Amino acid sequence: MNIELFRARLLTEQNQIAEAIDQAQRASATVELDQSSVGRVSRIDALQQQALAQGLLMRLNNRKRKVEAALTRVNSGTYGLCCACEGDVEPERLNADPASVFCQMCAAERQ
Ligand SMILES: [Zn+2]
């Protein structure tokens, strides 16, 4: 297993997430500034957009934590080991999602 490849993929994703979080935060901040100056319908619109931005932020932050946890495992030499049974996580699972935490069997048990 090429750990450096996964490390590179995780670092790239970490940068992309940081940028996306930055944009989503600016989007919801803009909505707040506009709220006093817009009419009722636009305000409802703005609130809906803010809710969307907040939902997006929550998902991005969850993903950020997963990616950071995976990078921690890379650095501590436990990357690719299942967090439940400590067996190997299947390479195809890591290819599909480099932040995978569980092997196929343990992931299935948790669903
Ligand atoms: Zn497992």
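Going along each chain's sequence as written, the residues are numbered from 1 onward. Predicted model: local features are reported for residues with pLDDT of at least 70 only, side-chain atom pairs are reported and counted for 80 or more only, and whole-chain, interface and lining totals are derived from all residues.

**Concerning the nonpolar core**
Applied cut-off: Joined through C-beta atoms within 7 Å, a set of buried Ala, Val, Leu, Ile, Met, Phe, Trp, Tyr and Cys residues constitutes a nonpolar core. Counts of 20 or more other C-beta atoms within 10 Å of a residue's own C-beta define buried residues, counts of 12 or fewer define exposed ones, and intermediate counts define partly exposed ones; C-beta atoms are placed from the backbone. Numbering of helices and strands runs from the N terminus; a helix is a DSSP stretch of H or I covering at least four residues, while a strand is a stretch of E covering at least two. Each residue gets a C-beta atom placed from its backbone, and two residues are in contact if those atoms lie within 7 Å.
Core analysis: the biggest nonpolar cluster contains eight residues, these being Phe6, Leu10, Val67, Ala70, Cys82, Val89, Leu94 and Cys103. The set of elements that each furnish at least two residues to this core consists of α1 (3-34) and α2 (40-76). Aside from chain neighbours lying at most four places away, what touches Cys82 is Gly87, Val89, Phe102, Cys103 and Cys106.

**Examining the confidence of the model for the chain**
Here is the rule we go by: For every residue, the pLDDT score states the predictor's confidence, bounded by 0 at the bottom and 100 at the top.
Confidence in the prediction of the chain, expressed as mean pLDDT, is 90, and 92% of residues score 70 or more. By mean pLDDT, the top-scoring element of the chain is helix α4 (residues 104-109) (97), and the lowest-scoring one is α1 (89).

**A word on the environment of Cys85**
With respect to the helices, strands and loops of the structure, Cys85 is situated in the loop between α2 and α3 (91-96). A C-alpha to C-alpha distance of 29 Å links Cys85 and Ile17, two positions 68 residues apart in sequence. Filtering out sequence-adjacent residues up to four positions away, Cys85 remains in contact with Cys103 and Cys106.

**Quick notes on α2**
Our working rule: For a helix, the expected span equals 1.5 Å multiplied by the number of residues minus one.
Here α2 spans 53 Å end to end across 37 residues, near enough to the 54 Å set by a 1.5 Å rise per residue. Taken as a whole, α2 has its buried residues at Leu60, Val67 and Ala70. Just past α2, the residue Gly77 takes up positive phi, approximately 80°.

**Details of unusual backbone geometry**
We note that Glu86 has phi near 65°; this positive angle belongs to a residue other than glycine. Positionally, Glu86 belongs in the loop between α2 and α3. Given 10 C-beta atoms within a 10 Å radius, Glu86 is considered exposed.

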